[in-house]
Amino acid sequence: NRAASSARFRPTATTTKRLLAPRWAGRLAPRGPGARRGAKGLAGPDVERVRFEQIVADALGTIPPQFRRAMSNIAIVVEDEPSRELLREVDVEPPDTLFGLYQGIPLTERRWDYGNALPDRILLFQGPHEREARDDDDLIASVAETLIHEIGHYFGLSEEEIQEIEEQYWQRHR
């Protein structure tokens, strides 16, 4: 377990508390007390893994090239659901869940001798994305938002900096 083996390891998560989900006027709006949580009675898109991975690849393609070129030794992994152990580790309690998680040492925290390390990971959880999405467009937007957020953590950006980038991203992609 990487978390146990390194005091420098910092998982950062995109949870349903933070992830922007419902769409209004072509952009995403922040969650609030009245926001949908788990969408009881509403079925989101049921997507095969191959299609979901293509959505992830397409979302990655929307990341500005200078950031994509600067990313190295990082794996983007799709998993079905976050485990109960992982949810406990990052202090997420039901009914909230994780959409994504960055596991690694942000670029800004690496020492001069950092190297010869396993890849950092961005985990994207397909199940929570599907359950929250109203339709395919909402699913694509949710995956893109999560990917942008977790890549921001890889670069060592603060929550405020990531939020600003997300807003700029959605202004360009309306």
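All values reported here derive from a predicted model rather than from experimental measurement.

Description of the packing of aromatic side chains
Evaluated as defined, the whole model comprises three aromatic pairs. Ring plane angle 75 degrees and centroid distance 5.0 Å describe the contact between Y154 and F155, whose orientation is recorded as edge-to-face. Neither Y154 nor F155 differs from the other in exposure class; each is buried. The structure contains a cluster of three or more aromatic residues connected by ring pairs, namely F67, Y102, Y154 and F155.

Focus: the pattern of salt bridges
Opposite charge on two side chains lets them pair, provided their charged atoms get close. All chains considered together, the criterion is met by five salt bridges. A salt bridge links R110 to D120; the nearest nitrogen and oxygen atoms lie 2.4 Å apart. With a gap of 10 residues between them, R110 in the loop between β5 (98-103) and β6 (120-125) and D120 in strand β6 connect regions that are remote in the sequence. Judged by its relative accessible area of 0%, D120 is buried.

Some points on helix α2 (residues 49-61)
The first and last C-alpha atoms of α2 sit 18 Å apart over 13 residues, in line with the 18 Å expected at 1.5 Å per residue. Within the sequence span of α2, burial applies to F52, I55, V56 and A59. Taken around the axis of α2, the buried residues stretch over an arc of 100 degrees, which confines them to a single face. Buried residues belonging to α2 abut β4 (74-79), β6, α5 (126-132) and α6 (136-154).

Some details on the side chain of H129
Structurally, the position occupied by H129 is in helix α5. Overall, H129 belongs to the buried group, its relative accessible area being 0%. Here H129 is in contact with F52, F99, L139, S142, V143 and T146, once residues within four sequence places are set aside.

Notes on the confidence of the model for the protein chain
Fine structural detail should not be taken from predicted coordinates in areas where pLDDT scores are low. A residue-level look at the protein chain finds 73% of positions with pLDDT of 70 or above and a mean pLDDT of 76. The low-confidence segment residues 1-10, where pLDDT is below 50, has 18 contacts with residues more than four positions distant or belonging to other chains. Overall, residues 15-43 carries pLDDT values under 50, and its contacts beyond four positions in sequence, including any with other chains, amount to 65 contacts.

What about the nonpolar core?
Judged by nonpolar contacts, the single largest core of 23 residues is most densely connected at F52, V56, I122, L139, V143, L147 and I151. Elements represented by at least two residues in this core include exactly α2, β6, α6 and α7 (159-172). Take this core: its biggest share by element is eight residues, from α6. Residues within four places of I151 in sequence aside, it is in contact with L60, I63, M71 and I122. Counting eight residues, the second-largest nonpolar core is a separate cluster that includes V92, L101, L123 and F125.

Points about the packing of α2 against α6
Running from N to C, α2 and α6 point in directions that differ by 55 degrees, and their axes come no closer than 9 Å. Taken together, the axes of α2 and α6 are oblique relative to one another. For the crossing formed where α2 meets α6, the hand is right-handed. Between α2 and α6, the contacting residues are R51, F52, I55, V56, A59 and L60 on the first element and L139, I140, V143, A144, L147 and I151 on the second. Per-class residue counts for the contact of α2 with α6 are 11 nonpolar, no polar and one charged.

Conventions adopted
Residues numbered from 1 in each chain as written. Predicted model: local features only at pLDDT ≥ 70, side-chain atom pairs only at ≥ 80, totals over all residues. Heavy atoms only, no water. Phe/Tyr/Trp six-rings, centres within 6.5 Å; stacked < 30°, edge-to-face > 60°. Buried < 20%, exposed > 50% of the residue type's maximum accessible area, 1.4 Å probe, protein only. Salt bridge = Lys/Arg side-chain N within 4 Å of Asp/Glu carboxyl O. Helix = DSSP H or I, 4+ residues; strand = E, 2+ residues; numbered from the N terminus. Expected span 1.5 Å × (residues − 1). Arc of directions from axis to C-beta. Contact = heavy atoms within 4.5 Å. pLDDT = per-residue confidence, 0-100. Core = buried A, V, L, I, M, F, W, Y, C linked by side-chain atoms within 4.5 Å. Axes fitted to C-alpha atoms, helices over the stretch in contact; angles between N-to-C directions. Parallel < 35°, antiparallel > 145°, perpendicular 65-115°, else oblique. Left-handed = near helix turned anticlockwise from the far one by under 90°. Nonpolar A, V, L, I, M, F, W, Y, C, P; charged D, E, K, R; others polar.

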